[in-house]
Amino acid sequence: MYLELTKIEKGFPGVRSLDGVDFSVRGGEVHALVGENGAGKSTLMKVLSGIYLPDAGSIHLDGELRQWRAPADAIAAGIHVIHQELMLFPERSVAENIFLTNPPRTRFGLIDTSAMVERAASILERLGHEIDPRTKVRKLSVADQQMVEIAKALSADARLLVLDEPTAVISGREAELLFDRVERLRKDGVGIVYISHRLEEIFRLSDRITVLKDGKLVATVDTKDVDRDKLVAMMVGRELADIYPPPRKFSGVGKPVLSVRNLKSAPRVKDVSFDLFPGEILGLGGLVGAGRSEVAHTVFGSEASEGGTVELAGDTYHHRTPSVSIQAGIGFVTEDRKGEGVMMLMDCARNISAPDLGSFSEHGFLDSPREEAVAKEEIARFRIAIPGPRYMVRNLSGGNQQKVLLARWSRACHRVLILDEPTRGVDVGAKVEIYKFIRELADSGVAILMISSELNELVGMSDRIVVMREGRTMGTLEKTEISEAAVMQLATAETGKEGRAT
Amino acid sequence: MSHTSSAASPRRLLSPATGLPIALLVLLAIAGFIQPSFLSARNLQDILTQAAPLCIVVIGQTFVILVRGLDLSVASVMATVAVIATAFNTTDNAVLPQIIALSLLLALVVGTINGYLVVKRNVSPFLATLAMMTVLQGVRFYYTQGAPGGSLPSALRFLGTGQVAGVPVNLLVVLGVLAIAAILLSRTTLGRKIYIVGGNPRSAELVGINAGRVTIFCYVTSAVLAALSGLVLVGFVGSVDNWVGRGYELDSIVAAVIGGIALTGGRGSPINSVLGAIILMLTFNFVVIVGLPVQAQFVIKGLVIIAAAALFRRMPA
Amino acid sequence: MNGAKSFRAISNPPLAIASVALLVLIVTGFVMSERFGTFRNFTNLLEQAAPLGVLALGQMLVVLAGGIDLSIGAIVTACAVAVAALCDLYPELAPLILVGTMFLGAALGAINGVIINRTGVHPLIVTLGTSSAISGVVLLYTMRPVGGVPIWLEDAAYGATLGLPNVAIIMILAFALVGLALRKTATGHALYAVGGNASAATAVGLSVSRLTLLAYSASGFFAALAGIYFASRTGTGDPRVGDAMTLASITPVVVGGTVLGGGVGTAMGTFVGVALVSVLGNVLNYMNVSTFAQWVVQGIVILAAVSIYVDRSRKL
């Protein structure tokens with residue numbers, strides 16, 4: 001199997017997504033595709049899989065010129081994409097999901113249910129996984145659901161598999177299993193395109209790496225010929241050192257503004273303890289699924305807690321609800337910007353004023369001019385690229401949307417700011433700005449709890465780091481102890497050796 | 001460094017703000033052309049008066065649709081209120097306070113139950129309000145044993161048919177309710193909360209808004225306005241029958257959709273909904289004016305619904 | 001029920017609950033009145049339930065695909081009037097007219113599907129619109145019952161084969177075929193997919209528009225069957241016959257465990273739902289509960305059903 005894309009061009013109104021990109025994959029190779037958000041990776045994959053028709057350029061499969069008129073054509077040719085957003089049917093069984101478009105049939109043309117279950121079982125076994133094929137997909141963990149997606153591709157004899165950020169939703173043991181499967185598939189002669197931000201994985205799995213930037217091909221290199229710094233420099237175009245603001249010398253002195261002890265909340269939070277001091281950036285690290293976001297929601301009050309205590313500036317803080325937390329000065333920029341954070345139907349000013357309507361109203365009536373004026377200030381302060389406060393937020397880029405959220409919460413809440421993946425899906429330029437703002441906020445006295453799955457970011461930004469594993473805090477790293485290796489060690493340590501935060 | 005995301009934002013083919021007045025004017029123009037007397041003040045006033053109960057109900061329906069719901073129980077509420085109004089069988093206004101109190105109580109109970117089912121029991125609004133409609137129907141028929149009747153207090157007749165300084169009272173009621181609703185939705189924190197909840201209930205919770213309370217408020221408002229509309233309608237007609245108000249639940253949804261509301265929530269305005277109701281009423285009258293048989297109004301109504309929804313919907317990105 | 005089917009019921013909570021409720025009702029019926037347990041009552045019940053049954057079947061297919069059909073009643077009416085009027089004019093062409101009416105129903109349903117596909121307007125609104133338009137057209141033709149049907153058709157509608165009413169046999173056949181199709185054909189599985197997650201369905205190459213069209217056409221077809229039935233029973237086409245049918249077709253579907261959001265539900269469940277609603281009415285009649293009180297009970301039954309079943313997608 002040899003797939004070659006040559007000089008692919010693809011544009012949309014106002015944007016040139018792909019500008020003369022070359023890309024090829026061989027059977028039995030793992031080819032990594034890297035680049036910042038907006039670099040064109042996802043567009044390239046959509047062209048490869050038939051979702052988009054390229055404006056110019058050609059696709060050759062095994063030497064023959066091919067054209068995909070619809071995704072079905074690419075699928076028929078053996079090209080399967082496993083998207084980040086899983087395309088499964090939650091109320092249907094695993095077997096039904098796998099064989100939806102091509103089920104085994106009996107003599108009379110009807111679907112042979114037992115054969116379907118059997119075949120599904122054997123494919124799953126080939127992947128080294130034991131899930132009962134009759135289980136409804138919604139009952140599976142995300143990692144298992146991902147397995148079902150891969151099984152779907154295998155059932156149709158995939159020759160090329162595109163994995164789009166597969167470890168965005170799994171980590172630890174499950175990620176290991178995934179890597180294991182990737183190896184097996186590679187040995188079977190399947191070609192694999194692996195898209196990820198996790199450079200450790202790229203170096204571990206891939207044979208070649210292609211770097212895209214702003215729609216153009218930067219380079220395609222053999223993995224062994226390049227190292228981490230060189231790769232980042234190609235992706236980003238600048239030195240790593242410039243990205244994070246200079247660290248502050250901080251030691252956990254004074255009284256904590258937030259004290260969490262033995263926090264418990266079903267199903268993921270089992271025993272979490274830490275202190276948060278004013279003016280510091282406390283990183284909350286751990287693998288995906290460790291329960292970090294759940295801790296944030298429990299402290300904020302948007303999830304119920306089942307045990308443990310939270311103290312806010314020395315006073316016990318029970319019966320938490322978002323409304324009470326906001327009043328108390330705690331703000332929360334959640335993980336899911338588009339689904340939960342930004343109000344897509346509203347303009348910038350309304351998004352900013354949302355948690356604090358009280359301060360914009362008198363006797364229940366809103367003061368629109370004031371809302372606008374405040375929004376203008378925040379737009380200037382956070383350098384949000386938007387024509388004016390009454391423009392719709394949904395038209396903004398990810399980075400600008402994130403800035404709107406930062407403006408919203410930092411305005412309304414001055415004691416504690418919880419940030420969950422603050423730069424996910426944000427381009428590098430905006431990232432640098434956001435890091436700067438976060439540091440400024442901390443310097444002004446706000447206590448910041450920052451959750452991040454990007455080790456680099458966590459290590460670069462935090463003054464101290466608390467690490468969680470499977471619902472428990474495993475230890476705290478002081479400034480001098482912080483390193484990516486130290487975090488990973490605690491994040492993957494055996495549960496027997498737990499350390500508590502002091 | 002300003003770059004917007006490449007995904008196109010959903011655009012409408014036509015915005016209700018421009019489309020509705022145009023549609024209204026076009027309808028009036030055509031009708032006036034065919035039958036000049038259509039545009040007489042008398043006729044227009046008649047049409048508006050006929051439309052009054054629907055306008056009141058559609059304002060309530062707007063609240064509910066804004067928070068991603070539907071209220072199919074409004075017609076039943078109207079009918080039950082009509083039964084209450086005639087239950088005392090007297091034209092003496094002394095019973096007015098009882099009628100108003102009972103109607104209000106009914107509305108509060110119905111609205112709260114509807115809201116509770118949707119919010120706390122996670123029942124689909126369609127089914128919850130459908131069930132409520134059926135239950136109310138049963139209760140009302142049981143009470144009247146299928147034979148409602150009786151006289152109304154004269155004050156209600158005045159409400160439905162009277163005039164103040166030459167302006168029909170029911171129109172004044174519509175204007176009053178519309179003014180309050182419009183101001184509440186566009187100028188107050190409660191109104192803002194309604195739009196936020198309708199846009200995304202989860203986001204609303206995360207900014208400290210009690211989405212459940214806001215939603216229940218909308219269902220109660222719808223029930224209360226349905227009750228008010230019932231009083232106006234029975235006042236207008238002067239008597240009650242088994243099926244008074246029938247069809248108002250679906251017509252109010254249709255009117256709101258013609259007015260450009262989004263069934264997905266978070267978008268819409270009471271003024272546009274009322275315009276939608278008036279346009280709907282106009283099409284009914286239009287049919288008669290143009291000389292088509294009365295039944296044709298159903299055909300036209302069907303076409304208008306689909307056309308309006310198609311024109312005002314947002315195209316997917 | 002054979003072994004495999006009982007297992008299915010147990011693994012499907014809504015169906016299990018509805019089945020238990022049905023059993024309770026049947027027992028109550030036996031206790032309440034000795035006339036309840038007779039074969040006569042059983043066949044009467046089946047006969048009365050038949051039109052509701054096929055309508056619920058059609059509605060279920062539409063709901064499974066993620067939509068809703070509020071025009072069912074209007075299509076029933078249109079077909080009833082068409083059959084009666086045409087048979088009156090051309091009695092010798094009756095068989096052809098019957099077939100033609102079935103096509104008419106399917107075509108009207110297809111119109112719903114086409115409008116939904118092309119305009120992207122919510123099915124609730126589209127079918128409301130077509131319902132109004134179709135009723136209007138029928139009313140323009142006639143405001144009162146018209147036409148007539150051949151004697152043999154009337155006889156067939158009232159008749160029985162092997163002890164069971166003909167119409168009941170048709171209903172049971174319909175349920176069996178649809179149930180089989182849903183469980184054992186690729187199209188059936190695809191229907192669940194479209195209702196469960198339309199974007200994923202497109203991503204795997206299914207044609208959402210084709211399946212939507214199919215579902216609404218099927219619903220129209222079943223509405224035609226019901227319309228033919230009503231015309232045959234009464235001997236005329238009544239332009240008001242379908243008025244209450246639309247909302248009536250929804251209750252059994254919901255009670256039987258089909259979720260309004262789509263993607264979940266079974267033919268068996270809908271059958272139990274139809275049985276439940278019919279037996280409930282029957283038992284209440286024997287208990288001398290007035291029609292009015294029965295409405296109250298109906299409303300409560302709907303509420304009980306949906307409070308118990310969880311709709312995770314909540315599209316309506």
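A. Structural view of the overall build of chain B. Check the secondary structure of chain B and you find 13 helices and 2 strands. Here the C-alpha atoms of chain B give a radius of gyration of 20 Å, agreeing with the 20 Å that 2.2 N^0.38 yields for 317 residues. Within chain B, counting contacts between residues at least 6 apart in sequence, those at least 24 apart form 78% of the total.

B. Molecular detail of the overall build of chain C. Scanning chain C from N- to C-terminus turns up 14 helices and 2 strands. Radius of gyration (C-alpha) of chain C: 19 Å, near the 20 Å computed for a compact globule of 316 residues. Across its three principal directions, the C-alpha atoms of chain C cover 55 × 55 × 35 Å. When contacts within chain C are restricted to residue pairs at least 6 apart in sequence, long-range pairs at least 24 apart make up 80% of them.

C. Quick look at the interface of chain B and chain C. Counting from both sides, the interface comprises 36 residues of chain B and, opposite them, 36 residues of chain C. Of all the elements in the fold, those that place two or more residues in the side of chain B that touches chain C are helix H5 (125-144), helix H11 (248-258) and helix H13 (296-312) of chain B. Residue composition of the side of chain B that touches chain C, grouped by class: 25 nonpolar, 8 polar and 3 charged.

D. Broad picture of the sheet that holds strand S10 (residues 216-222) of chain A. Residue and element names in this part refer to chain A. The strand order across the open sheet formed by 6 strands is S6-S7-S8-S3-S9-S10, and the pairing between neighbours is mixed. The two strands at the open ends of the sheet, each matched to only one other strand, are strand S6 (79-82) and S10. Strand-to-strand twist in this sheet, taken as the mean axis angle between neighbours without regard to direction, amounts to 15°. Alignment of strand S9 (residues 208-213) against S10, held across 6 bridges, turns out to be antiparallel. If you follow Leu212 over to S10, its bridge partner there is Leu217. Helix-sheet contacts for helix H1 (residues 41-48) involve strand S3 (30-34), S6, strand S7 (160-164), strand S8 (191-195) and S9, and the interaxial angle to S7 is about 155°.

E. A look at the packing of helix H3 (residues 39-64) of chain C against helix H12 (residues 245-255) of chain C. Residues and elements named next belong to chain C. For the pair H3 and H12, interaxial distance at closest approach is 8 Å and the crossing angle is 75°. Our classification of the angle between H3 and H12 gives roughly perpendicular. Here H3 contributes Leu52, Leu55, Ala56, Gln59, Met60 and Val63 to the contact with H12, which in turn contributes Met245, Ala248, Ser249, Ile250, Pro252 and Val253.

F. Region of interest: unusual backbone geometry. Residues and elements named next belong to chain A. In this model, Ala266 is joined to Pro267 through a cis peptide bond whose omega is -5°. Within the secondary structure layout, Pro267 lies in the loop between strand S11 (258-265) and strand S12 (269-276). Positive phi values are uncommon outside glycine, yet Arg383 reaches one of about 55°. Turning to its location among the elements, Arg383 is positioned in the loop between helix H13 (368-381) and helix H14 (398-412).

G. Region of interest: the sheet that holds strand S5 (residues 64-66) of chain A. Residue and element names in this part refer to chain A. On the basis of which strands lie adjacent, the open sheet formed by 4 strands has the order S2-S1-S4-S5 and antiparallel pairing. Strands at the two margins of the open sheet, each flanked by one partner only, are strand S2 (15-26) and S5. Each strand of the sheet is rotated relative to its neighbour by a mean of 25°, with strand direction disregarded. Of the pairings in the sheet, the one linking strand S4 (residues 56-61) to S5 comprises 3 bridges and is antiparallel in character. Paired with Leu61 across the strands is Glu64, a residue of S5.

H. A look at the interface of chain B and chain A. Across the contact, 23 residues belong to chain B and 29 residues belong to chain A. Those elements that provide at least two residues to the side of chain B that touches chain A are helix H8 (189-199) and helix H9 (201-206) of chain B. For the side of chain B that touches chain A, the element with the most residues is H8(B), which contributes 5 residues. Among the residues making up the side of chain B that touches chain A, the classes are represented as 5 nonpolar, 13 polar and 5 charged.

I. Up close: the environment of A:Val34. All names here are of chain A. Along the chain, Val34 falls in strand S3. Separated by 162 residues in the primary sequence, Val34 and Ser196 place their C-alpha atoms 6.3 Å from one another. Beyond its immediate sequence surroundings of up to four residues, Val34 is in contact with Ile202, Ile209, Val211 and Met235.

J. Quick look at the confidence of the model for chain B. All names here are of chain B. With 95% of its residues at a pLDDT of 70 or more, chain B shows a mean pLDDT of 89. Ranking the helices and strands of chain B by mean pLDDT puts H8 first, with 97, and helix H1 (residues 16-34) last, with 83. Contacts of residues 1-10 to residues separated by more than four positions or lying in other chains number 22 contacts, the stretch itself having pLDDT below 50.

K. Looking closely at the packing of helix H4 (residues 72-89) of chain C against H12(C). Residues and elements named next belong to chain C. At their nearest, the axes of H4 and H12 sit 6 Å apart, and the two run at 125° to each other. One element, H4, and the other, H12, form an angle in the oblique class. Listed contacts from H12 to Ile72, Gly73 and Val76 of H4 are Met245, Thr246 and Ser249. Of the residues in the contact of H4 with H12, the class split is 3 nonpolar, 3 polar and no charged.

L. Local environment of the pairing of strand S21 (residues 464-469) of chain A. All names here are of chain A. In terms of burial, S21 is a largely internal element, 6 of the 6 residues being buried. Here S21 shows a buried face lined by Arg464, Val466 and Met468 and a second buried face lined by Ile465, Val467 and Arg469. Examined bridge by bridge, strand S13 (residues 281-285) and S21 share 4 bridges and lie parallel to one another. Bridge pairing links Gly283 to Ile465 in S21. Summarising the sheet, S21 and strand S22 (residues 472-477) pair through 5 bridges and their orientation is antiparallel. Residue pairing for S22: Val466 is matched across the bridge by Thr476. Linking two consecutive strands that pair antiparallel, namely S21 and S22, is a turn of 2 residues; a positive phi of about 45° is found at Glu470 within it.

M. Here's a closer look at helix H15 (residues 428-443) of chain A. All names here are of chain A. The end-to-end C-alpha distance of H15, which contains 16 residues, comes to 23 Å, matching closely the 22 Å that a straight helix rising 1.5 Å per residue would cover. Along H15, the positions that sit buried rather than exposed are Ala430, Lys431, Glu433, Ile434, Ile438, Leu441 and Ala442. Residues of H15 that are buried make contact with S13, H14, strand S19 (416-420), strand S20 (447-451) and helix H16 (455-461). In the segment just after H15, Gly445 is the residue with positive phi, at about 110°.

N. Broad picture of the environment of A:Thr220. All names here are of chain A. Relative to the helices and strands, Thr220 is located in strand S10. The exposure class of Thr220 is partly exposed, given the 15 C-beta atoms found within 10 Å. A C-alpha to C-alpha distance of 50 Å links Thr220 and Ser325, two positions 105 residues apart in sequence. Contact partners of Thr220, with chain neighbours within four places excluded, come to Arg208 and Thr210.

O. Quick peek at the confidence of the model for chain C. Within chain C, residue pLDDT values average 89, and 94% of them lie at 70 or more. Taken over the whole predicted complex, pTM reads 0.88, whereas the ipTM for its chain interfaces reads 0.88.

Definitions and cut-offs
Residues numbered from 1 in each chain as written. Chains lettered and ligands numbered in written order. Predicted model: local features only at pLDDT ≥ 70, side-chain atom pairs only at ≥ 80, totals over all residues. Helix = DSSP H or I, 4+ residues; strand = E, 2+ residues; numbered from the N terminus. Rg over C-alpha atoms; globule rule 2.2 N^0.38 Å. Contact = placed C-beta atoms within 7 Å. Nonpolar A, V, L, I, M, F, W, Y, C, P; charged D, E, K, R; others polar. Pairing = 2+ DSSP bridges. Axes fitted to C-alpha atoms, helices over the stretch in contact; angles between N-to-C directions. Parallel < 35°, antiparallel > 145°, perpendicular 65-115°, else oblique. pLDDT = per-residue confidence, 0-100. Buried ≥ 20, exposed ≤ 12 C-beta atoms within 10 Å, placed from the backbone. Expected span 1.5 Å × (residues − 1).

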